[in-house]
Amino acid sequence: MNLADSKKKLALAGVVCGLVAACLAYFGNPANMAFCIACFVRDMAGSLGMHQAEAVQYARPEIIGLVCGAFIISIATKEYRSVAGSSPLIRFVLGIVIMIGSLVFLGCPLRMVIRMSAGDLNAWVALIGFILGVSTGAFALKKGFSLGRSHETNQASGAVLPIIMVGILILALCTSLLKASTAGPGSMHAPIILSLIGGLVFGAFAQKSRMCFAGSIRDVVLMKNFDLLTVIGGLFVVMLIFNLAMGKFVVGFDTPGVIAHSEFIWNILGMYAVGFAAVLAGGCPLRQLILAGQGSSDAAVTVLGLFFGAALCHNLGLAASGTAMNAETQQIVPGAVPMNGKVACVICIVVCFVIAFTNKRETAKK
Amino acid sequence: MKEVDARGLSCPEPLMMTAEALKNADGPIKVLVSEAHQKTNVEKFAKDRGKKATTTEKGSEFEIVIE
């Protein structure tokens with residue numbers, strides 16, 4: 001079965017993934033976080049004790065399901081290839097950049113689309129930054145940017161991340177070793193079995209449809225190709241209908257219940273860094289998890305970068321805070337990006353430029 | 001025949017290299033890729049431009065002739 005050969009099938013894959021996200025939001029995942037890759041990797045880093053932010057610690061079965069879903073479907077359809085060797089440490093750094101940018105904005109590109117579908121205007125503002133970031137990455141590609149070739153490696157190497165994910169699932173289910181939030185977003189989740197099945201289905205469809213949030217806009221910018229954008233369109237429409245039906249569609253900034261902030265410039269710059277780094281890494285955070293599942297150790301190193309970035313964000317106070325109601329005073333406290341986060345975000349963008357214009361295809365070894 | 005070796009490269013490099021080669025080539029070109037999704041992308045790219053793409057599997061990699 002090939003889901004990537006027609007726009008209809010691609011839109012269908014987007015719809016299925018949208019339904020999964022909507023279901024999980026309905027059954028308990030945090031309001032319009034639904035299936036945010038950056039948030040969930042951050043929660044998972046917390047569950048492993050990589051950071052101590054008590055409100056965001058939970059071994060999200062969605063992430064485990066995504067990687068394993070892509071792993072299983074790629075084995076079943078003979079697309080599994082264990083590869084490695086395309087500038088792994090640069091990819092690690094790009095993973096860190098993607099996570100820091102995401103936590104300055106408060107969401108990965110997937111959550112940006114989900115927030116857009118809920119009428120959150122801050123996400124629409126961030127989209128400007130994301131498109132600019134992707135376009136800068138596309139410009140670098142036109143100028144000959146490349147991280148070089150990957151090569152086939154031992155079959156087992158590509159299976160390491162899926163196996164680690166299964167290991168984390170077993171630890172979460174059978175032991176009390178991992179941390180789990182008792183309050184805050186980390187404590188809000190759909191039943192484990194639903195989250196896991198949702199992740200597996202999402203992972204399988206994302207693998208077959210090549211769903212990628214950075215790739216969709218990159219393809220439009222670079223080659224006027226709208227195929228991948230159709231997948232995102234399908235997901236957006238389903239989430240829009242879900243939000244309208246549930247009365248969660250509220251147009252505005254600072255919508256109560258949406259973990260977001262209204263610092264426009266940092267919403268734009270955060271997503272600029274994410275879009276730029278994602279194009280350089282060959283895909284958005286979701287796509288990195290999927291590629292890691294189908295055997296790419298390079299993508300797996302990017303995923304490790306995401307985990308490392310999440311730890312940095314919360315240990316060094318880089319992550320933005322969301323606008324929230326103070327329960328005692330009943331006053332709305334506006335969310336903000338801390339100074340450390342602003343400095344980190346600017347450094348991330350500089351790092352992207354350095355990587356983009358120092359890695360050329362011509363100089364890469366054949 | 002002009003050959004494009006895009007094996008092991010990340011998206012969208014194989015497509016960009018194919019596009020570049022097609023622009024400068026008179027006759028058919030041969031594109032080598034290693035991942036299934038890149039094979040599909042190159043085939044679709046050729047089809048969208050009214051060209052014929054013939055793919056053969058070479059071990060775990062793919063050879064696509066576009067004419």
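Residues numbered from 1 in each chain as written. Chains lettered and ligands numbered in written order. Predicted model: local features only at pLDDT ≥ 70, side-chain atom pairs only at ≥ 80, totals over all residues.

S.K.: Sorry, what's going on with the overall build of chain B here?
M.R.: Within chain B, the regular secondary structure consists of two helices and four strands. Along its sequence from the N terminus, chain B presents helices and strands in the succession β-α-β-α-β-β. Over its C-alpha trace chain B gives a radius of gyration of 10 Å, about what one expects of a compact globule, namely 11 Å for 67 residues. Overall, chain B is about 30 × 20 × 20 Å in size when its C-alpha atoms are taken along their principal axes. For chain B, buried positions account for 45% of its 67 residues. Partitioning the intrachain contacts of chain B with sequence separation of at least 6 by distance along the chain shows that 55% fall at a separation of at least 24. (Helix = DSSP H or I, 4+ residues; strand = E, 2+ residues; numbered from the N terminus. Rg over C-alpha atoms; globule rule 2.2 N^0.38 Å. Buried ≥ 20, exposed ≤ 12 C-beta atoms within 10 Å, placed from the backbone. Contact = placed C-beta atoms within 7 Å.)

S.K.: Just to check I follow, could you spell out the overall build of chain A for this structure?
M.R.: Counting secondary structure elements, chain A contains 14 helices and four strands. For chain A, whose C-alpha radius of gyration is 19 Å, the value lies close to the compact-globule estimate of 21 Å for 366 residues. In chain A, which comprises 366 residues, the share counted as buried stands at 59%.

S.K.: Teacher, can you tell me more about the sheet that holds strand β1 (residues 2–5) of chain B here?
M.R.: By way of backbone hydrogen bonds, the strands of a sheet pair with one another, either parallel or antiparallel. Residue and element names in this part refer to chain B. With mixed pairing, four strands are arranged side by side in an open sheet as β1-β2-β4-β3. For this open sheet the edge positions go to β1 and β3 (53–58), each flanked by a neighbour on one side alone. Strand-to-strand twist of the sheet, defined as the mean angle between neighbouring strand axes without regard to direction, takes the value 20°. Summarising the sheet, β1 and strand β2 (residues 29–33) pair through four bridges and their orientation is parallel. Each bridged residue has a counterpart across the sheet, and for Val4 the counterpart in β2 is Val31. Its contacts with the sheet put helix α2 (residues 36–48) on β2, β3 and β4 (61–66), and the angle it makes with β3 is roughly 165°. (Pairing = 2+ DSSP bridges. Axes fitted to C-alpha atoms, helices over the stretch in contact; angles between N-to-C directions.)

S.K.: For this particular structure, what's the right way to read the environment of Met165 of chain A?
M.R.: All names here are of chain A. Mapped onto the elements, Met165 comes out in helix α7 (residues 160–174). Put simply, Met165 and Ile64 are 101 residues apart on the chain and 5.2 Å apart in space, counted from C-alpha to C-alpha. Those residues in contact with Met165, other than ones at most four positions away along the chain, are Ile64, Val67 and Cys68.

S.K.: Please explain the interface of chain A and chain B as it appears in this structure.
M.R.: It is common to give the size of an interface as the accessible area lost on bringing the parts into contact. Chain A puts 21 residues into the contact, and the matching count from chain B is 16 residues. Contributions of two or more residues to the side of chain A that touches chain B are made by β2 (151–152) and α9 (213–223) of chain A. With five residues, the single largest contributor to the side of chain A that touches chain B is α9 of chain A. Considering only residue class, the side of chain A that touches chain B consists of six nonpolar, seven polar and eight charged. (Nonpolar A, V, L, I, M, F, W, Y, C, P; charged D, E, K, R; others polar.)

S.K.: Hey, could you run me through the pairing of β2 of chain B in this one?
M.R.: Both faces of the sheet carry side chains from a regular strand, because those side chains alternate between them. Only one face of β2 of chain B is covered, namely the face carrying Ile29, Val31 and Val33 of chain B; the face carrying Lys30 and Leu32 of chain B is uncovered. Handedness of the crossover joining β1 of chain B and β2 of chain B through helix α1 (residues 13–24) of chain B is recorded here as right-handed. (Right-handed = clockwise from strand over helix to strand, strands pointing away.)

S.K.: Help me understand helix α13 (residues 297–315) of chain A in this model?
M.R.: For α13 of chain A, with 19 residues, the first-to-last C-alpha span of 27 Å sits near the 27 Å given by 1.5 Å per residue. Immediately downstream of α13 of chain A, the backbone of Gly317 of chain A shows phi near 65°, a positive value. (Expected span 1.5 Å × (residues − 1).)

S.K.: Would you mind showing me how to read the environment of Ile217 of chain A here?
M.R.: Among the secondary structure elements, Ile217 of chain A is positioned in helix α9. The spacing of Ile217 of chain A and Met271 of chain A is 54 residues in sequence and 13 Å in space, taken between C-alpha atoms.

S.K.: Looking at this structure, I do not really get the packing of helix α3 (residues 61–76) of chain A against α7 of chain A. What am I missing?
M.R.: Relative placement of two packed helices is described by the angle separating their axes and the distance separating the axes. All names here are of chain A. Viewed as axis vectors pointing N to C, α3 and α7 meet at an angle of 145°, and their least axial separation amounts to 9 Å. Crossing handedness for the pair α3 and α7: left-handed. Facing α3, whose interface residues are Pro61, Ile64, Val67, Cys68 and Phe71, α7 presents Leu161, Pro162, Met165, Val166, Ile168 and Leu169. (Left-handed = near helix turned anticlockwise from the far one by under 90°.)

S.K.: What exactly am I supposed to notice about the packing of helix α1 (residues 7–26) of chain A against helix α8 (residues 192–209) of chain A here?
M.R.: Residues and elements named next belong to chain A. Between α1 and α8, whose axes approach to 10 Å, the crossing angle comes to 165°. Between α1 and α8, the crossing angle belongs to the class labelled roughly antiparallel. Regarding α1 and α8, the two cross each other, and that crossing is left-handed. Here Leu10, Ala13, Val16, Cys17, Val20, Cys23 and Leu24 of α1 come into contact with α8, specifically with Leu194, Ser195, Gly198, Val201, Phe202, Phe205, Ala206, Lys208 and Ser209. Along the lines of polarity and charge, the residues of the contact of α1 with α8 split into 12 nonpolar, three polar and one charged. (Parallel < 35°, antiparallel > 145°, perpendicular 65-115°, else oblique.)

S.K.: Just to check I follow, could you spell out unusual backbone geometry for this structure?
M.R.: Backbone geometry follows two general trends: most residues other than glycine have a negative phi, and most peptide bonds adopt the trans configuration. For the bond running from Cys11 of chain B to Pro12 of chain B, omega is 0°, close enough to zero to count as cis. Positionally, Pro12 of chain B belongs in the loop between β1 and α1. Phi at Lys78 of chain A is positive, roughly 60°, even though this residue is not glycine. As for its placement among the helices and strands, Lys78 of chain A is situated in the loop between α3 and β1 (83–84).

S.K.: Mind showing me how you'd approach the environment of Leu9 of chain B here?
M.R.: Relative to the helices and strands, Leu9 of chain B resides in the loop between β1 and α1. The buried category is assigned to Leu9 of chain B, around which 25 C-beta atoms lie within 10 Å. Along the backbone, Leu9 of chain B and Val33 of chain B are 24 residues apart, and their C-alpha atoms lie at a distance of 8.1 Å. In this structure Leu9 of chain B touches Ser146 and Arg149 of chain A together with Pro14 of chain B, once residues within four positions along its chain are discounted.

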